[in-house]
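# An overview of the molecular structure
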Amino acid sequence: MTEIDVARHLTAVRALVLQILSAMGPLTREGILREWERRRPDLGAGHRDRLPRMRDETLWRLTNLGWVAREGAEYHLTGDGEIALRCARTV
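Rules of the game
Residues numbered from 1 in each chain as written. Predicted model: local features only at pLDDT ≥ 70, side-chain atom pairs only at ≥ 80, totals over all residues. Heavy atoms only, no water. Salt bridge = Lys/Arg side-chain N within 4 Å of Asp/Glu carboxyl O. Helix = DSSP H or I, 4+ residues; strand = E, 2+ residues; numbered from the N terminus. Buried < 20%, exposed > 50% of the residue type's maximum accessible area, 1.4 Å probe, protein only. Contact = heavy atoms within 4.5 Å.

## Remarks on the pattern of salt bridges
As enumerated under the stated definition, the model contains seven salt bridges in all. The closest approach of N and O atoms between R38 and E35, which form a salt bridge, is 2.6 Å. Of this pair, R38 and E35 both sit in helix 3 (residues 29-39), three residues apart, roughly one helical turn. In this structure E35 comes out as buried when scored by relative accessible area, which is 6%. Put simply, R48 and E37 hold a salt bridge, and the shortest N to O gap is 3.8 Å. Taken together, the residues R48 in helix 4 (residues 45-65) and E37 in helix 3 connect sequence positions eleven residues apart. Within this structure, R29, E30, R55 and D56 form a network of salt bridges that share partners.

## Description of the environment of G25
Looking at the element boundaries, G25 is found in the loop between helix 2 (12-24) and strand 1 (27-28). Once the C-alpha coordinates of G25 and L77 are considered, the two residues, 52 residues apart in sequence, prove to be 8.2 Å apart. The residues touching G25, leaving out its near neighbours within four places in the chain, are I20 and Y75.

Here it is, written out as structure tokens:
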């Protein structure tokens, strides 16, 4: 995976979910949502209402990119996800 590949697919929301999984270890969908809300206390009510759908779409995309994997009910970073997160921190 190259930095160009990462840059093409890395958005602020995807980087946030990668950061959450990196810091908190494997988490369930609900655990990711709770941490997302904790990290973004300034979100408006409408945005909070859309978070579960955003989380699910983001996890689907990160899984397809190979940056996140699911084991049972928990999601965790893959090796490629760790590389993508490192690239995000350098931008």
